[in-house]
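# Chains, contacts and geometry: an overview
Chain by chain, the residues:
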Amino acid sequence: RALERDDLSPAERTELQQDHERDEIRVRLLTPLCKYFATEVCTGVTRDALQVFGGIGFTMDSDVGKYHADSLIMTIYEGTSEIQASFALKEIGKGALKVVFDVVRGELAEMQNDPSRAGLAKRVVEMTHRVDQAAAALFSDLGYALLRAKLLAEMVIDCAAATELLHQAGADPSRLALAEAFVIRHSLECEHKFRRIHENAEGRIELESRVLSTFEPR
């Protein structure tokens, strides 16, 4: 709405236009990632709750059983998790990852003067580099990229979530332990996902095709 008015100076208009375009790009990538992350996490949380409640939690008479049943449909309607990951992949292919990671890395750079977070922030920066390398490997073969879209989406989500937790820990030191646990666990998972993407690329489509052919009716 501000850009539609005539009361901005040329410099203000240029700056606002650049911010608007940047944020539109971020939204187009982060929206499918948020849908993917929230619904998949919901399923995991309610499944853990079932384990806590045991057999009684499985019955539909209990709230936890209903919550778990509801969580399963969340990964399906308004676009399945696979579709959300493919939407994210499309935006990454158009350059959105750089825009998102510029913001992420900027926030992480501001943490370097905080001894309690600097080491963790460095690990997240290394995670972002692994994502860049994974994306480069994927986009050499679009078919393989679609096959591994969920892995790449999860890597991007982990970087964004880790950065947010570290940001929160800066405002509330009591959250540092949570941020540390998340960064350590997910940095290891990020490395594992990168290796799956990078080391399994050659001939993977052909291998998957041969596996699927074994299930075809004779």
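As shown above, the structure is provided for reference.
Below is a short write-up of the structure. (Residues numbered from 1 in each chain as written. Predicted model: local features only at pLDDT ≥ 70, side-chain atom pairs only at ≥ 80, totals over all residues. Heavy atoms only, no water.)

If you tally the helices and strands in the chain, you get ten helices and zero strands. Each helix and strand of the chain, ordered N terminal to C terminal, gives the series α-α-α-α-α-α-α-α-α-α. For the chain, the spread of C-alpha atoms along the three principal axes comes to 70 × 45 × 40 Å. In the chain, buried positions account for 33% of the 218 residues. The long-range share in the chain, meaning contacts at least 24 apart out of those at least 6 apart in sequence, stands at 72%. Across the chain, the centroid of the 27 positively charged side chains sits 4 Å from that of the 36 negatively charged ones. (Helix = DSSP H or I, 4+ residues; strand = E, 2+ residues; numbered from the N terminus. Buried < 20%, exposed > 50% of the residue type's maximum accessible area, 1.4 Å probe, protein only. Contact = heavy atoms within 4.5 Å. Lys, Arg positive; Asp, Glu negative; His and termini not counted. Charge placed at Lys NZ, Arg CZ, Asp CG, Glu CD.)

Membership of the largest hydrophobic core comes to 43 residues, with the highest contact counts inside it found for Phe101, Val131, Leu152 and Leu166. Tallying contributions element by element places helix α8 (residues 149-171) first for this core, with 13 residues. Residues within four places of Phe101 in sequence aside, it is in contact with Thr128, Val131, Asp132, Val156 and Cys159. (Core = buried A, V, L, I, M, F, W, Y, C linked by side-chain atoms within 4.5 Å.)

Turning our eyes to something else, we now look at the environment of Leu138. Inspection of the secondary structure puts Leu138 in helix α6 (residues 115-138). What makes Leu138 buried here is its relative accessible area of 0%. In sequence terms Leu138 and Leu89 are 49 residues apart; their C-alpha atoms lie 9.8 Å from each other. In this view, Leu138 contacts Tyr144, Ala145, Arg148, Leu152 and Ile197; residues no more than four positions away in its chain are not counted.

Bringing helix α9 (residues 176-199) into the picture now. Taking 1.5 Å of rise per residue, the 24 residues of α9 would be expected to cover 34 Å, and the 34 Å separating its terminal C-alpha atoms lies within 8% of that figure. On its buried side, α9 packs onto α6, α7 (142-147) and α8. (Expected span 1.5 Å × (residues − 1).)

Disulfides are covalent bonds that connect the sulfur atoms of two cysteines. By the definition in use, this model includes zero disulfides. Looking at the unpaired Cys42, the closest cysteine sulfur is the one in Cys34, lying at 15 Å. Cys42 sits in the partly exposed class, given a relative accessible area of 24%. Free of any disulfide, Cys159 has its nearest cysteine sulfur in Cys190, 5.1 Å distant. (Disulfide = S-S within 2.5 Å.)

The subject of this paragraph is the environment of Arg22. Inspection of the secondary structure assignment puts Arg22 in helix α1 (residues 10-53). For the pair Arg22 and Val99, spaced 77 residues apart in the sequence, the C-alpha separation amounts to 6.8 Å.

Our focus in this paragraph is the side chain of Ser187. Tracing the backbone shows Ser187 in helix α9. Separated by 2.8 Å, the side chains of Ser187 and Arg123 make a polar contact. For Ser187, the contacting residues outside a window of four places in its chain are Arg123 and Met127. (Polar contact = N/O pair within 3.5 Å; in protein donor to acceptor, adjacent residues only side chain to side chain.)

Here we come to the packing of α6 against α9. Following both chains from N to C, one finds α6 and α9 inclined at 20 degrees, their axes separated by 9 Å at the closest point. Considering the angle they form, α6 stands roughly parallel to α9. α9 is crossed by α6, and the crossing has left-handed handedness. For the pair formed by α6 and α9, the contact residues are Ser116, Arg117, Leu120, Arg123, Val124, Met127, Arg130, Val131, Gln133, Ala134, Ala137 and Leu138 on the first element and Leu176, Glu180, Val183, Ile184, His186, Ser187, Leu188, Cys190, Glu191, Phe194, Ile197 and His198 on the second. Residue classes in the contact of α6 with α9 are distributed as 14 nonpolar, five polar and five charged. (Axes fitted to C-alpha atoms, helices over the stretch in contact; angles between N-to-C directions. Parallel < 35°, antiparallel > 145°, perpendicular 65-115°, else oblique. Left-handed = near helix turned anticlockwise from the far one by under 90°. Nonpolar A, V, L, I, M, F, W, Y, C, P; charged D, E, K, R; others polar.)

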